[in-house]
Amino acid sequence: MKVAVVKETRPGEARVALVPQGVQVLLKAGLSVTVEAGCGLSAGAPDEEYVEAGATLAGSPEEALAGAGMVLHINAPSLADPDELGLLGEGAILLSFLDPLGNPDRIRALASRRITAISMEMVPRITRAQSMDALSSQATVAGYKAALMAADSLPKFLPMFTTAAGTIRPAKALILGAGVAGLQAIATARRLGAVVEAFDVRPAVKEQVESLGATFLEADEEVTAEGEGGYAAELSEDQHKKELELIAGAIKAADIVITTAQIPGREAPLLITEEMVKSMRPGSVIIDLASESGGNCATTRMGETVISHGVQVIGPVNLPATIPVHASQMYSKNIVTLVGELVKEGGGIELDFDNDVVGPATVTHGGEIVNERVKSALEA
Amino acid sequence: MKVAVVKETRPGEARVALVPQGVQVLLKAGLSVTVEAGCGLSAGAPDEEYVEAGATLAGSPEEALAGAGMVLHINAPSLADPDELGLLGEGAILLSFLDPLGNPDRIRALASRRITAISMEMVPRITRAQSMDALSSQATVAGYKAALMAADSLPKFLPMFTTAAGTIRPAKALILGAGVAGLQAIATARRLGAVVEAFDVRPAVKEQVESLGATFLEADEEVTAEGEGGYAAELSEDQHKKELELIAGAIKAADIVITTAQIPGREAPLLITEEMVKSMRPGSVIIDLASESGGNCATTRMGETVISHGVQVIGPVNLPATIPVHASQMYSKNIVTLVGELVKEGGGIELDFDNDVVGPATVTHGGEIVNERVKSALEA
Amino acid sequence: MGELMIGLYVFVLATLAGREVITKVPPTLHTPLMSGANAISGIAIVGAIVVAAKAEGTLQTALGIAAIAMATVNVVGGFMVTDRMLSMFRKR
Amino acid sequence: MGELMIGLYVFVLATLAGREVITKVPPTLHTPLMSGANAISGIAIVGAIVVAAKAEGTLQTALGIAAIAMATVNVVGGFMVTDRMLSMFRKR
Amino acid sequence: METFIELVYLLSAVLFVVGLKRLQSPATARGGNALASLAMLLAIVATVVDTEILTWTGILVGVAIGGLLGGVAARRVEMTDMPQLVGIFNGFGGGASALVAIAEFTANPTVGMGTTGVTIMIGTLIGAVTFTGSFVAFAKLQGLMTGNPITFPGQNPFNLVVFLGVIFLAAASLGVALSADPMVLFWIFLGTALLLGVLIVIPIGGADMPVVISLLNSYSGLAASAAGFVIGNMVLIISGALVGASGLILTQLMCKGMNRSLANVAFGGFGGSAGVDRAQIGQRPVRRADAEAVAAELGYVNSVVVVPGYGLAVAQAQHELRKVGDLLEQRGVDVKYAIHPVAGRMPGHMNVLLAEADVSYDKLFDLDEINSDFGSTDAVLVVGANDVVNPSARDPDSIIAGMPILDVDAARRVIIMKRSLSPGFAGIDNDLFYMEHTLMFFGDAKDSMADLVREVRELA
Amino acid sequence: METFIELVYLLSAVLFVVGLKRLQSPATARGGNALASLAMLLAIVATVVDTEILTWTGILVGVAIGGLLGGVAARRVEMTDMPQLVGIFNGFGGGASALVAIAEFTANPTVGMGTTGVTIMIGTLIGAVTFTGSFVAFAKLQGLMTGNPITFPGQNPFNLVVFLGVIFLAAASLGVALSADPMVLFWIFLGTALLLGVLIVIPIGGADMPVVISLLNSYSGLAASAAGFVIGNMVLIISGALVGASGLILTQLMCKGMNRSLANVAFGGFGGSAGVDRAQIGQRPVRRADAEAVAAELGYVNSVVVVPGYGLAVAQAQHELRKVGDLLEQRGVDVKYAIHPVAGRMPGHMNVLLAEADVSYDKLFDLDEINSDFGSTDAVLVVGANDVVNPSARDPDSIIAGMPILDVDAARRVIIMKRSLSPGFAGIDNDLFYMEHTLMFFGDAKDSMADLVREVRELA
Ligand SMILES: NC(=O)c1ccc[n+]([C@@H]2O[C@H](COP(=O)([O-])OP(=O)(O)OC[C@H]3O[C@@H](n4cnc5c(N)ncnc54)[C@H](OP(=O)(O)O)[C@@H]3O)[C@@H](O)[C@H]2O)c1
Ligand SMILES: NC(=O)c1ccc[n+]([C@@H]2O[C@H](COP(=O)([O-])OP(=O)(O)OC[C@H]3O[C@@H](n4cnc5c(N)ncnc54)[C@H](OP(=O)(O)O)[C@@H]3O)[C@@H](O)[C@H]2O)c1
Ligand SMILES: NC(=O)c1ccc[n+]([C@@H]2O[C@H](COP(=O)([O-])OP(=O)(O)OC[C@H]3O[C@@H](n4cnc5c(N)ncnc54)[C@H](O)[C@@H]3O)[C@@H](O)[C@H]2O)c1
Ligand SMILES: NC(=O)c1ccc[n+]([C@@H]2O[C@H](COP(=O)([O-])OP(=O)(O)OC[C@H]3O[C@@H](n4cnc5c(N)ncnc54)[C@H](O)[C@@H]3O)[C@@H](O)[C@H]2O)c1
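Residues numbered from 1 in each chain as written. Chains lettered and ligands numbered in written order. Predicted model: local features only at pLDDT ≥ 70, side-chain atom pairs only at ≥ 80, totals over all residues. Heavy atoms only, no water.

J.: How should the nonpolar core be read in this particular structure?
T.: Of all hydrophobic cores here, the largest spans 235 residues; its most connected members are Ile43 of chain C, Ile43 of chain D, Leu20 of chain E together with Leu20 of chain F. Once residues within four sequence positions are removed from consideration, Ile43 of chain D is found in contact with Phe16, Met40, Ala43, Ala224, Val235, Leu236 and Ser239 of chain F. Core analysis: the second largest hydrophobic core is formed by 150 residues, Leu154 and Leu235 of chain A together with Leu319 and Ile323 of chain B among them. (Core = buried A, V, L, I, M, F, W, Y, C linked by side-chain atoms within 4.5 Å. Buried < 20%, exposed > 50% of the residue type's maximum accessible area, 1.4 Å probe, protein only. Contact = heavy atoms within 4.5 Å.)

J.: Which parts of the structure should I look at to understand the site of ligand 4?
T.: As a matter of local geometry, ligand 4 sits amid 24 residues, with Arg125, Val180, Asp200, Arg202 and Glu243 of chain B nearest to it. Looking at the residues close to ligand 4, they fall on chains B and F. One of the side-chain N or O atoms of Gln130 of chain B is found 2.7 Å from an oxygen atom in ligand 4. Within the side chain of Arg202 of chain B, a nitrogen or oxygen atom sits 2.7 Å from an oxygen atom of ligand 4. Summarising the interface, the protein chains cover 91% of the accessible area of ligand 4, which totals 830 Å² for the free molecule. (Near = heavy atom within 4 Å. Polar contact = N/O pair within 3.5 Å; in protein donor to acceptor, adjacent residues only side chain to side chain. Areas by Shrake-Rupley, 256 points an atom, 1.4 Å probe, with all protein chains shown as cover.)

J.: Just to check I follow, could you spell out the sheet that holds strand E13 (residues 285-288) of chain A for this structure?
T.: For sheets, the rule is that strands pair by backbone hydrogen bonds, running either parallel or antiparallel. Residue and element names in this part refer to chain A. The mixed open sheet is built from seven strands, whose spatial order is E11-E10-E9-E12-E13-E15-E14. Each edge of the open sheet carries a strand with a single partner, namely strand E11 (215-216) and strand E14 (305-308). In this structure, E14 lies alongside strand E15 (residues 311-314), joined through four bridges in antiparallel fashion. Opposite Ser308, over in E15, you have Val311 as the bridge partner. (Pairing = 2+ DSSP bridges. Helix = DSSP H or I, 4+ residues; strand = E, 2+ residues; numbered from the N terminus.)

J.: Help me understand the interface of chain D and chain E in this model?
T.: Many authors give the size of an interface as the accessible area that is lost as the parts come together. The interface of chain D with chain E comprises 10 residues on the first partner and 11 residues on the second. Here chain D and chain E share an interface that buries about 1100 Å² over both sides, 76% of which is from carbon and sulfur atoms. Connecting chain D to chain E are zero salt bridges. Where chain D packs against chain E, one counts two residue pairs in polar contact (both at pLDDT 80 or more). A class-by-class count of the residues in the side of chain D that touches chain E yields seven nonpolar, no polar and three charged. (Buried area = accessible area lost by both parts, 1.4 Å probe. Salt bridge = Lys/Arg side-chain N within 4 Å of Asp/Glu carboxyl O. Nonpolar A, V, L, I, M, F, W, Y, C, P; charged D, E, K, R; others polar.)

J.: Just checking my understanding: could you explain the arrangement of the chains for this structure?
T.: You won't find any contact between chain A and chain C; their C-alpha atoms come no closer than 33 Å. There is a gap between chain A and chain D: no contact, and a shortest C-alpha distance of 29 Å.

J.: Quick question: what am I supposed to make of the interface of chain E and chain C here?
T.: If you look at the interface, chain E gives 100 residues, while chain C gives 76 residues. Regarding the contact of chain E and chain C, the summed buried area is about 7600 Å², with carbon and sulfur atoms giving 77% of it. When the buried surface of chain E facing chain C is broken down by residue, Gln24, Arg30 and Met40 of chain E rank first, second and third, together holding 8% of it. Seen at the junction of chain E and chain C, the total is two salt bridges. The closest approach of N and O atoms between Asp83 of chain C and Arg30 of chain E, which form a salt bridge, is 2.9 Å.

Have a look at this one:
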């Protein structure tokens, strides 16, 4: 079966879904691979390396996708012009981030074209599927980069310096939401010498935060909301109020705030009000990693850096694309492992919906929306 | 005596020569301070804080400078339009970076206006003068920022990561020239998890590099050139060739190169040829901190980021200005300490050219160029 | 002081020394140490020789020779096997 | 076995035991340990008593009594001073 | 002459002490063994010189047979069969002591109650028990009989009765209670003593045999000492007492290592198949070790692989870990760190920790790089990791099935440092904890590691 | 009766061993001492019971005087004077043994060459040497005579001659060489032996006295043992041997702790007044200290300030330093780090290092914050820093004049850890090294710090 990879068309995207090492694995599994020329250049994978690994080069997306039984993507193929979705053959298998809960139209379109769509977001967070968990791998990149970005934007040093020209106090960083990205941001900020505090609503996180040498912001009364599958749930209104009070108290002293709080399928919770932004020192930096799902900060604008009350509020979009080489490597490893779940001995494809990874991750198949969560979300 | 501080006019400059803490010290010494409104804003010092500290606000540079006996600056006042130099009263004392060896016209102009010009660059590097050593304090900022910038530009992670999506090898950084800025770049790159190698022509540096946990690039045959006052001297042609060979061998493996090599009063030595750039992996980053004095890399262009053979060659200008809060704090501490050398008990000014700091640092006085090194450089 | 009392003194002191000699042995050496001590307990061979030497009659001779044979197994085998085990601990 | 030989056996074995008993003493206990051992060396009092008891003539009596007095200083002072030192080590 | 012989005996006694002492540290152990065997030679030569040998042939035959048997067995046997070999050697030693006492009795059956008589009886009793007990232990370990405890109702009372019977028969043989032929009574006494040896050992499980052998070893020392009293020989008394005392201490140490009391071993009817210990925690028994034991396990081998996990991070023990690694390397041990892809709670968690402790990158290996090395690794130190080394991931029905794991169970020795037997992130039990070659080192990783630093430093 | 007494003696010997063993650990030491004193009581009671006492009064008077003296001294003396007190007690013990031997000789001056004669001479010799040696040691420590080594040309040969003379006189007293009145010879012999004790101790400096006392303690044990041989008493032989052996080991341990050999202590002529050591390096004398001493200086005070410098970075000893800091804090010591603005070779050099070792930021203080605290600081630990603590910066003529320095000299105790007396970056000598209250702890900072970790851990 032919597996196709094309250049991502999303603006600013520098990653590629499959790197040459991944090509080799797929070939060994009995598949053939065609990549669009130049697709990996910005991710540190020149065409020669693909060819060396055994892939066929295609001059255009059309050529690459023609006859492909499987298509690997990072960003969901666009419905708009150029209509990438139109190039996919009926019955083809598409593996990609699809944002199924946030973008129903796309899911409907995929179903109507009888495409088997497997959503990287829906890969369950079970132990066995950790190596296919692209959300985690890309969140790792985002968390690291967010801390770097904050350090780069701050008009101050992060670490402490005792010098002949005076003593510089270390910067204070506050990380809100300590999931995969948040933990990585903590680690990176600590590496750079900042004093780090963090908060999350899942109680298990306290120990994890402390295991990175940071302190956990402790509420007088508990603020917790543990959801399913290791994710957080939405807070009750009362709890949310308590959380805001807690953050308001801590944020005044912070030079850097990195927010990552998200609840799957919902808008990101508001953690920083405009009032709080105002209370911060001018020059401070807020990096809002939830900006794509509405933002954790009231003044965030997606994809922009706004100066709000002297504070830089940055709402980065697609941070993983800023470290394209390694982000692609990790994504490629994830997707190739997932493809492995679909391939039978000898190279044939078998879609086993009883498989505990493939089942939950498949969103559309045979013209139907097969994932229950997505279906009920679409109906609502 | 009135001490004046104005907003720096150099494009991109965000620092200020005196911060409010410095104002207090000067007042205590018996001086009065006038600052141009808004001069410290970008450096985290709003006007209110100056006023609180006891400074007078002036609405314009003209107003600030009128009648000032002493002017504190970071960048030398420009000769061009608007002619800042013209605003200085005759006989006033100017403390600033002046680049006396690189910019003879300015020195002549200063002399001709009978300004007493004290060059921050010429503060001798003796133990006692360390707290007045603005070159060091600003180089500290530059070295730190260079490493951050490199990390931010690199399409890779710096630290090692072992994850379910594969193992990421740590990035390799090569630091050429391990003076103040170079050492700081080493420390910061190491903090971020890079594997760091460094080279310098002063033999004392090896131990210093190793004291930061980095490795020193060792030549088969010695490549050394120790100059005066702790600075380097120019290498002989033969030695230079050997150095280039050494670097060519090491640079291929580097993801990040930060160069800081400088020789006072001369063009920066060439350490990276175009050939070497070509030998590096695409996506790698070269940060050339010597770009303002000609650059250590053949393809550097000052103030620009050029992609040369796939390698990003960045020639940053005025890096300290990117961390304005702390860079200003440190500069202010330096300059205030230096002013202390000029002030007599009670607030009067006494220019004592026998003073082992004031003497060497004064470039022009009473219409004359008084510094021997500068004089001979101008004549040459 | 009588024979027995002397023996007792000596016995008690040797016991004290034996107790002190083994203070903290790493578990890796438990088996070799046991084996080495075991070989030492083959000192019964001295007694066996004395008995065999002054044996009168077949029974005693037989007992003496059997005692010697058994003690020798213990001594020879014990020291050799201990050495074999210990040869696996290279010195550093 | 002669008196001397028995004494020798006992002496050697006691020496071995003594050697083994002191294996690893923390430096903080050097002085108390020294002082405690010193008190034990006051066992000479036993000899002194024996001598004093069988003393004949003034010289020997004087010697015996002096020996007793000196040994007693050692024993009484030694144990008491050791105890005083040790009472300063609070348990942690 | 007499004096000279005595001096040689004294010298050999001293050498025994020194030799035994040297056996305590791997660095000096081999020399210690050589010293002890030299001491033995001295004692034998002195005896031969001192004794007027009547029948050289007999003695030579005895030595030849014994030497051949012992030598061949020592050379031939598999390393894994060492414990039973030591056991059987020990039995022969005990037997020899018994025979000495028996010979003395036969020489003078009417010795009667008195010093000599009593010591003869003690020598015979202890020697005989050692003899048969050792053979049973051998049979159990060698698989000649079941390794399981053999128990029957009323066992302990029965054994007590037999023991009292033996004592009674001994007294009788000395003409105290019964007025039968002392020689006949003596043979019955001997038979019962032999039986007692069997009875004592059969209720103990095969896995506890090493402890039993060590105890019997201590007995054989006492038997030799008793023989010494019988024939009035100082070197026998001393060496025997030495072995008796050190053997007892060693036995206690071994029990402590298994977290058992000696009584528990002797009367527990435990030790089913393989060193199993029904400890309090968890349902299944584990082997515990303390810092000292772990230091020895790590300090005297060639290669150690450290597997850090989330517990290392929780305890913030990275600096101490680094220290242990450094110390081991100074000892010439090859130390590597195996980083599992999902160790910790975020990608790269272990990297952050180890970078903080400045562990050189080239000592870090990921799963694919190191997994094939475990087979040739001497010891693995698992620090606060759990799921990532859980072999149940290989079981397709496990909830962590399919996660690649570090195959640490392939190493010769696995040491696991954690606070309890609690599960990790995945919440499931870990078979690794209960394996034959696993030692659990319980405690907070920071404290445990600090203890380990100290103990490794103390190693010779 | 005889047997019973012997058994009591044996019991008391065993109790001595156990008591001595318990003295090894702070937790059991007090009990051990009690046990040993119980053993002593047993031995005395047994002796009294066994002996037909002729003159109770005399004995009671002796006991009363001795007990009073010993008890009062033990109660009254200052803690700091302990070593000399132990020394003098020891002298009395040795004296008592000597007197026992002397009494035996006076009872039978013509005993002649033979076991008893030889043991009498040995007992007298060792006892006498212990007696006078202990008094000299006492005098040196108590300040009754100079603490400095007293040396004169040809000292060692002279001492050797005296020693040989004593041996000769001993032989002569036994009627071997000279045929003079043995009693007269014996008194001369005794006098010379007493002289020898003085001669042996005077060349040793006051600072080495504790080692000397420990050695003399070992001697007094041997003297007791010799007395035991003289009167044929087992408990004397055993206890004496015990003290002799353990004292010798303890002496060696103490030497090792000072990094000296016993010979070096005995013949070195070292150890001036208070640990001052005219070592090779530098012109001016400094006081050296080793890890153990430094651990004690830091471990028993309230506040310690650490001053890191470039040497810390060169040695990369930051992790060990952190460890020492942690350990001290666990002991309740308040530990701060004083960071000089230009310590190291780049701005913030020390911050980088301490951050790597994860020293909490709030323990770091810069010059302005901490300089006024040094006056109330118990001890300062300077690690590889030099220029930044050089008081000559206060001298306007110095090339580093005007540089602000950390005023560590105001602290009660300054400990400087560096490899030698070499200067730092500025290339000038540092007066701080030579100050009264400064201790130099020489060595690579990493090694020294590792030693310090160990020693601090060992503190009670
Ligand atoms: N790396 C990632 O990205 C990531 C993200 C999310 C989840 N996970 C999951 O996390 C797990 C990681 O495996 P792991 O082996 O590193 O950890 P683990 O399986 O969670 O086990 C950690 C062990 O450390 C012990 N521990 C905790 N605190 C300790 C302390 N202070 N001292 C000593 N031991 C301590 C605990 O046992 P005691 O309580 O008995 O001491 C626990 O069993 C995997 O299941 C993985 O799937 C990983
Ligand atoms: N911070 C800056 O920005 C900067 C920049 C340039 C120059 N400086 C100058 O550097 C100096 C800094 O002062 P400092 O007190 O930190 O350092 P220092 O005065 O240079 O003294 C460092 C001391 O560390 C000892 N040392 C070196 N390696 C060691 C090792 N492995 N183990 C133990 N000790 C070791 C050396 O003595 P031994 O050889 O006896 O061991 C040396 O005396 C100042 O003079 C300052 O002006 C500072
Ligand atoms: N099976 C696995 O082994 C596996 C793999 C990856 C992740 N996970 C688990 O899933 C967790 C969440 O992963 P994620 O980072 O993708 O989550 P996410 O991106 O959905 O959310 C980020 C974080 O925001 C937090 N959050 C939500 N609402 C908040 C609020 N109101 N205030 C503060 N914080 C709030 C969440 O608790 C979460 O930690 C991880 O921490 C991890 O433990 C498990
Ligand atoms: N008195 C003081 O205490 C004091 C204060 C500040 C700096 N200093 C000393 O002065 C030194 C230099 O300071 P700087 O950083 O301002 O120097 P700089 O900016 O002039 O030069 C930077 C570095 O480039 C190196 N270099 C020059 N030519 C080179 C070549 N061909 N190849 C490789 N490297 C080359 C130099 O040796 C120097 O280390 C510092 O390292 C420090 O030791 C001393």
